[in-house]
Structure formats: C-alpha cells, structure tokens
Amino acid sequence: MNSTATLVRNGRIITATDDYVADVLMRDGVIDSIGRNLQVGEDVAIVDATGLYVLPGGVDTHVHLENVIGPTITCDTFASGTKAAAFGGTTTIVDFALQTATDSPLGAIARAQRSAESQVAVDFSFHVIITRVDEQVLQDVRYAMRHEGVTSFKMFMAYPGVMMADDAAIFRMLRQVGADGGMVALHAENGTVIDLLIKEALEAGHTSPRYHAMTRPAIMEGEATHRGIRLAELANAPIYFVHVSSNQALKHIVTARAEGIPVFAETCPHYLLFDDSVYNTDDVEIAKYVMTPPLRTPDDQKHLWRALRYDDLQVIATDHCPFCMKEGHLGYKLQKMRGKDDFSLIPNGAPGIETRLVSLFDIGVMQGKLSLNRFVELTSTTPAKLFGLFPKKGTIAVGSDADVVLFDPAASQTIYAKDLHGNCDYTLLEGRTLRGQVEKVFLRGTLIVDGKQWLGREGMGRFVPRGEVRAF
C-alpha cells in the first residue's frame, strides 16, 4: 500500500474519552479528518474496519533494547525489539540512554541515538539514566531538555555501586527538572538493605533463583517509594515511579496523591498476570521470572487492579528487559543461566513488548476490570501526556500522527515464543490463549503490520522530540 493517503472506513474508534463508529482519513503522516461516510478520490487506499476497534498506537515508555547490564546485554536489538513492538500494536517506545561514570547526559543521548536510528521500525525517544549529579551534569540536563527534546530522567535507589544515586542527588535532579517542566522517574527499592539481604542469603547457601524474590521484600519497595515522594514534595516537583509491584509502595502513592502531591506511577503486565506462587520451587527455570521488583502476592495484585481503575496508577508499561534462557541463543552469552548457581548473577528482566496490548485486553477489558477507554488511556494516552508526546502521540484526533491500530476483539490467539518477533527464546505467556488480536498497524499513515505480514523496515522510525509534562 504505497498511497500517501489511506481511509479506514467504518471502524469503532476508541480513545481515552471517545467510543464511536466513523471513518478516519490518514494523509501525509497525520490524521487528516474523521467523520461519517467520508468521500475520497481514487488515489486514496481504503481499508474496511467493520467490526474492528480503531485504537491509537500504543506508547510504551519503559523498554530496554540493547541495554548493557553488567557483563551482558538485553537480547533484543533496536531492530528486533521495535518490530516486536509493532506487531503488538505499539508505535512509540521510550528507551534509556545510560550516563556512564565518565560521560555526560548529552554523550549518553548521542550514543543511544547512533545505536537506534538506523534500526528502529517505530518512533522512539529516550529517558536518560542519571548515575552521577554535579553542576556540569545539571547544566547538560537543562540543555537536553531545551535543545535535544529529552525531558525525562531516570534515577535508581537500588543497585549500589552500579546505578544507585543518593538522596541528595535525586533531590537536586527533582528540583531542577521539575522547575523546567520535565519528569524524574524513580526505581524505588532500598538498595543497600537489599544488598545485605542478598549477601546473607548466599552466605547461608541459598543460591536458587527464588531467593531473588525473597531478598527484595515489598517493604523495601514501600520504604523507598515513601522516601522518593518526600524528596519530590520538598523539591516541589512531579515524580514518576516505575514498575510498581506492591501495595507497600502503592499505599504511599495513594496517600500522596490524596494530599495533592503530583505523584505518578506505572505497573507492568507481569505483575497483573502472575504472582509469587511461581517462586515455590528451586527449579532453575524460575530464572525466567527473575525481574525487579519480583512478582508479589495475589493480594498485591488486587490492590494494583484497584489503583488502575481509580487512577492511582496511570500507566501500564512493559519494562521489556529480555534475556535468553538458553545460553548462546542467537549468540547471546551470560544471559539467564549465568546465575544458575548464584541467583544474584541472573540478569533481572523479562520480555513483554509484543504481548502488552493483547494480554491487557484479555485480562483487563474482557474480564470487566478495565473499560475500553481506560485501556487506551493506560497504554497510550497517559504515557504520551506524562512524557511530553501528546497530542502528537496517544490519541486519534485531527492533526495527530497517524499511528493507528486495527484490533479485532472477536479473535483469539495462543501465544508461543516461536511465533513472536523479538529475539528472546521464551515468553511468560507460553501456551496461553488470549482474546483479541492486532490486525493492522499504521505508523504515521504507513501500513507496517498486516496480519502476520511485516511491511515495515529498519530505520523508518523517527526520534520524537518531547515537550513538557502534560498530565496535571
């Protein structure tokens, strides 16, 4: 389909606020018009969307492609990961640019862009991971916000000696970034206490993967979340918590939001799909469930669903951080099996970029836990607003980018890793049948996914400069 204009006819358009049947005309990369029975010339390709949902392309603001983690690297490249994203109905990702011990945030952005730009098949941006704060770093952060279109920065309260920033560094970043209209995203766990628990477990001979979960208790996520909120309150800045997994963390977020503090947070599909019962074995296969934070209790899950319904959690992102289970798969080494005899060496993370929309449609919308509008809000609209992408991304409206997903709610599919498009050799959803299916995906008006057919290409994704936070 090489036409520069496409009419999607008679689909059910679902946005964060709307639900109606109409035609959508996409022309020159943007949505040109929306209406009933639009009349177009012969130069316009027509797609019949009768019976299908017309959704804005998914916006996944937490993915790790080609991210170096210790001695290894996530197994999805920018090419494989963005192709998988597209097949899953996600048309914009925000990955991470890591500031190393020796370089600046600007160097990190330039390095990440060089890696991505020739490979990406969907649109993209970066959060900068800030590991060190001084006057020069703060100047570079301000320059990145004003001139590079990067307006969000991630910091860690975990992984001492590797990623962890102290409270004063986090406070300095919050104060400046908040005043400039950006967002600091925080990984909230008490890293020094967790490191002690890991050391004590290994000394006691506890080496199997399940001890990853046992040494990262929810109370340490809760303590760090509370501390992060108080730092943000003092800095008079908004704050965003990544991958919230437990009620220990959530209760502090709920309280702070009730106090009027601009606190925002995401959870991830795996925390809604699975619970800590998977850790009830010493089997090395449990390494596939080693992510940070670990899976929590069924009671924590109930609280996450409640928070999603009542807007105490605003985003569902994947934290797609894939490592292979089979050592040497596609040439990747020191992956999950690196830690078969020492759980602390297992690289933390799981795949999920391709299955986010369909899994949430199945367990959320089809089970009555999320409305269709809320489903779109959580997976597209609010992430776009929070990270300066809206209204270019995150909605179906005249003038917005023509990132459009045609989704069949009546279809069902059984998930197998061999059918997915990323490089990871497993999926947590192996053999699970889900209702709903992505049928077609348009990126800025260009058809890139048509059923099982890939029509996209490496390098067609664009870097999207981002503006200020728009969610409050």
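Being a predicted model, the structure only gives us computed values, none of them experimental.

As a further point, take the pattern of salt bridges. Applying the stated criterion to the full structure yields 31 salt bridges. Linking Asp312 and Arg257 is a salt bridge whose minimum nitrogen-to-oxygen distance equals 3.7 Å. Note that Asp312 is positioned in the loop between helix 10 (298-309) and strand 15 (315-316) and Arg257 in helix 8 (residues 247-258), a separation of 55 residues in sequence. Taken together, the shared-partner salt bridges connect Asp123, Lys392, Lys393, Asp401, Asp403 and Arg444 into one network.

The geometry of helix 11 (residues 356-365) relative to helix 12 (residues 372-386) is characterised by a closest axis approach of 11 Å and an angle of 145° between their N-to-C directions. Taken as a pair, helix 11 and helix 12 cross one another with a handedness that is right-handed. Where helix 11 abuts helix 12, its residues Arg356, Leu357, Leu360, Phe361 and Val365 lie against Leu372, Phe375 and Thr379. Looking at the contact of helix 11 with helix 12, its residues break down into 6 nonpolar, 1 polar and 1 charged.

For the rest of this paragraph, the subject is the sheet that holds strand 9 (residues 90-98). Strand order across the open sheet formed by 8 strands is 6-9-10-11-12-13-14-15, with parallel pairing between neighbours. At either margin of the open sheet sits one strand with a lone partner, and together these are strand 6 (58-60) and strand 15. Bridging between strand 6 and strand 9 involves 3 bridges; their strand directions are parallel. By the bridge assignment for strand 9, Gly58 is matched with Thr90.

What follows concerns the side chain of Asp362. Relative to the assigned elements, Asp362 resides in helix 11. Residue class for Asp362 comes out buried when judged on its relative accessible area of 5%. A distance of 2.8 Å separates the side chain of Asp362 from the backbone nitrogen of Arg435, its partner in a polar contact. Not counting chain neighbours up to four residues away, the residues in contact with Asp362 comprise Gln367, Thr433, Leu434 and Arg435.

A separate point is helix 1 (residues 78-87). Along helix 1, 9 of the 10 residues are buried, which leaves the element largely enclosed by surrounding structure. What helix 1 keeps buried is the set Phe78, Ala79, Ser80, Gly81, Thr82, Ala84, Ala85, Ala86 and Phe87. Buried residues in helix 1 make contact with strand 9, helix 2 (105-117), strand 10 (123-129), strand 17 (433-443), strand 18 (446-450) and strand 19 (453-454). Looking one or two residues beyond helix 1, the residue adopting positive phi is Gly89, at roughly 85°.

Before going further, it helps to spend a moment on the pairing of strand 10. Within strand 10, 7 of the 7 residues are buried, which leaves it mostly tucked inside the rest of the structure. In this sheet, strand 10 lies alongside strand 9 in parallel orientation, the contact comprising 7 bridges. By the bridge assignment, Ala97 is partnered in strand 10 with Val128. For the crossover that starts at strand 9, traverses helix 2 and ends in the parallel strand 10, the hand is right-handed. Bridge count between strand 10 and strand 11 (residues 152-156): 2 bridges; the pairing is parallel. Considered in strand 11, the bridge of Ile129 is made with Lys154. In this region the chain leaves strand 10, passes through helix 3 (residues 135-148) and returns to the parallel neighbour strand 11; the handedness of that crossover is right-handed.

Moving on to the packing of aromatic side chains. Inspection of every chain in the model, using the stated rule, returns 13 aromatic pairs. Ring geometry for Tyr53 versus Phe361: centroids 6.2 Å apart, planes at 65°, classification edge-to-face. With Tyr53 in strand 5 (residues 53-56) and Phe361 in helix 11, this residue pair connects regions lying 308 residues apart in the sequence. Residue Tyr53 shares its accessibility class with Phe361, and that shared class is buried. Relative to Phe375, the ring of Phe361 has its centre 6.0 Å away and its plane inclined at 65°; by these criteria the two rings are edge-to-face. Of this pair, Phe361 sits in helix 11 while Phe375 is found in helix 12, placing the two residues 14 residues apart along the sequence. Its relative accessible area of 1% is what places Phe361 among the buried residues.

Criteria and cut-off values
- Residues numbered from 1 in each chain as written.
- Predicted model: local features only at pLDDT ≥ 70, side-chain atom pairs only at ≥ 80, totals over all residues.
- Heavy atoms only, no water.
- Salt bridge = Lys/Arg side-chain N within 4 Å of Asp/Glu carboxyl O.
- Helix = DSSP H or I, 4+ residues; strand = E, 2+ residues; numbered from the N terminus.
- Axes fitted to C-alpha atoms, helices over the stretch in contact; angles between N-to-C directions.
- Left-handed = near helix turned anticlockwise from the far one by under 90°.
- Contact = heavy atoms within 4.5 Å.
- Nonpolar A, V, L, I, M, F, W, Y, C, P; charged D, E, K, R; others polar.
- Pairing = 2+ DSSP bridges.
- Buried < 20%, exposed > 50% of the residue type's maximum accessible area, 1.4 Å probe, protein only.
- Polar contact = N/O pair within 3.5 Å; in protein donor to acceptor, adjacent residues only side chain to side chain.
- Right-handed = clockwise from strand over helix to strand, strands pointing away.
- Phe/Tyr/Trp six-rings, centres within 6.5 Å; stacked < 30°, edge-to-face > 60°.

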